[in-house]
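# Geometric and topological summary
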Amino acid sequence: MGYRTNELGYPNDLLASRSIVERGNFALIPPQGLVKNVLPNFENCEMTILATPKLGAAFVDYLCRVLPGGGNKKGFGGNGIETFIYCLEGELTVTIGAETYELTTGGYAYCPPTESLKFENKSNEKTETFLYKKRYQEAEGYAPYPVTGNTNEMDYQDYEGMTDVGLKDLLPTDLNFDMNFHILKFETGASHGYIETHYQEHGALMLEGEGLYNLDNHWLPVREGDYVFMGAYNLQAGYSVGRKGALTYLYSKDCNRDVE
Ligand code: UGY
Ligand code: MN
């Protein structure tokens, strides 16, 4: 009948949804609640808009499914807007200025605000990506530059002294950058060491596993595929529980700047 069904065969989330939206503070958006959009310059791309300023975020996050032959050839961002793309699954050819990069699963590219991000799926399979844009917050004497890498080729560092929580920094941590992307991995049973309360915002995509997430002192179940927005000063902590292995997520965090 065209219903999206869950693993038990019931229609998804018609009677209740796990989505919670506390505008300006936090939101939990499971994949069952997401819709697809068409946006200018994204050809043969299925776009899903996640956090935006309407939710209280200073950035915009998207899921972007790039169909074979699809992409953004005119360019995304530039004119003061920095952008970032993460390849969740598949292959993507990315161009920033005169340089071209071939991304595979786990690959990513940061495009500074002076350039626009162009990309194309030259493969025969769809490519799943996560996209981000934000107005770059300038600081005299500093300028960011293009960065690419692949998280599958990076090692985890112990997070805040805990051996069962690992962190990958995707961008350099120097003052040229006003934000960073990270991957955080909690082994089953691991959690943040405390409930964070900070000025910086996050958009987080759960990549694998399941657990509980404290959002403003509500402990909410989260699992692979869920998207979480954490606004400024939102109380927050992750706790990996369940049978699906480590809870891992990709997230952005503004850094190296305060309010202008
Ligand atoms: O760095 C952070 O603020 C990060 N640990 N926050 C989070 O995962 N919610
Ligand atoms: Mn945090």
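This is a predicted model, so every value here is computed, not measured.

The rules behind the values
Residues numbered from 1 in each chain as written. Chains lettered and ligands numbered in written order. Predicted model: local features only at pLDDT ≥ 70, side-chain atom pairs only at ≥ 80, totals over all residues. Heavy atoms only, no water. Helix = DSSP H or I, 4+ residues; strand = E, 2+ residues; numbered from the N terminus. Buried < 20%, exposed > 50% of the residue type's maximum accessible area, 1.4 Å probe, protein only. Contact = heavy atoms within 4.5 Å. Donors = N, O, S within 2.8 Å, 3.2 Å for Na, K, Ca; no water. Tetrahedral: all angles 85-135°; square planar, octahedral: opposite > 155°, others 65-115°. Phe/Tyr/Trp six-rings, centres within 6.5 Å; stacked < 30°, edge-to-face > 60°. Pairing = 2+ DSSP bridges. Axes fitted to C-alpha atoms, helices over the stretch in contact; angles between N-to-C directions. Domains from an automatic or database assignment. Buried area = accessible area lost by both parts, 1.4 Å probe. Salt bridge = Lys/Arg side-chain N within 4 Å of Asp/Glu carboxyl O. Polar contact = N/O pair within 3.5 Å; in protein donor to acceptor, adjacent residues only side chain to side chain.

### Structural notes on the overall build of the protein
When its secondary structure is counted, the protein shows 0 helices and 20 strands. With the C-alpha coordinates aligned to their principal axes, the bounding extent of the protein is approximately 50 × 45 × 35 Å. Buried residues in the protein amount to 48% of all 260 residues. The contacts of the protein with a sequence gap of at least 6 include a subset with a gap of at least 24, amounting to 67%.

### Focus on the coordination of the manganese ion (ligand 2)
Donor atoms from the polypeptide that coordinate the manganese ion (ligand 2) comprise E196 (OE), H198 (NE2), H202 (NE2) and Q236 (OE1), at 2.0 to 2.3 Å from the metal. Here the manganese ion (ligand 2) binds 6 donor atoms, and the angle range of 77 to 173° at the metal identifies the geometry as octahedral. All donors of the manganese ion (ligand 2) belong to a single chain; written as a sequence motif, their spacing is E-x1-H-x3-H-x33-Q. In this pair, H202 is assigned in strand β15 (residues 202-208) and Q236 in strand β19 (residues 236-240), connecting sequence segments 34 residues apart.

### Describing the packing of aromatic side chains
Two numbers describe a pair of aromatic rings. These are the distance of the centres and the angle of the planes. Taken as a whole and assessed by the stated rule, the structure comprises 16 aromatic pairs. Centroid distance F59 to Y132: 5.6 Å. Interplanar angle 25°. Geometry classified as stacked. One end of the pair, F59, is in strand β4 (residues 59-76); the other, Y132, is in strand β10 (residues 127-135), and 73 residues separate them in sequence. For F59, a relative accessible area of 3% translates into the label buried. Using a relative accessible area of 2% as the deciding quantity, one classes Y132 as buried. Measuring from centroid to centroid gives 3.9 Å for F84 and F181, while their planes differ by 5°, and the two rings are stacked. Of the two residues, F84 is situated in strand β5 (residues 81-89) and F181 in strand β14 (residues 179-186); the sequence distance between them amounts to 97 residues.

### A few points about the sheet that holds β19
In spatial order, the strands read β17-β16-β19; together these 3 strands make up an open sheet with antiparallel pairing. With partners counted over all chains shown, the strands left at the sheet margins are β17 (218-223) and β19, one partner each. Within this sheet the neighbouring strands show an average axis-to-axis angle of 25°, counted without direction. Taken together, the 6 bridges between strand β16 (residues 210-215) and β17 define a ladder with antiparallel strand orientation.

### Remarks on the domain arrangement of the protein
Taken domain by domain, the protein holds domain 1 (35-151) and domain 2 (153-254). Between domain 1 and domain 2, the C-alpha centre-to-centre distance is 21 Å. Contact with domain 1, which involves 28 residues of that partner, is made by 23 residues of domain 2. Buried surface at the junction of domain 1 and domain 2, summed over both partners, amounts to about 2300 Å²; 67% is from carbon and sulfur atoms. If you look at where domain 1 meets domain 2, you find 1 salt bridge. Between K134 and D178 there is a salt bridge, with the nearest N and O atoms lying 2.5 Å from each other. Taken together, domain 1 and domain 2 are joined by 12 residue pairs in polar contact (both at pLDDT 80 or more).

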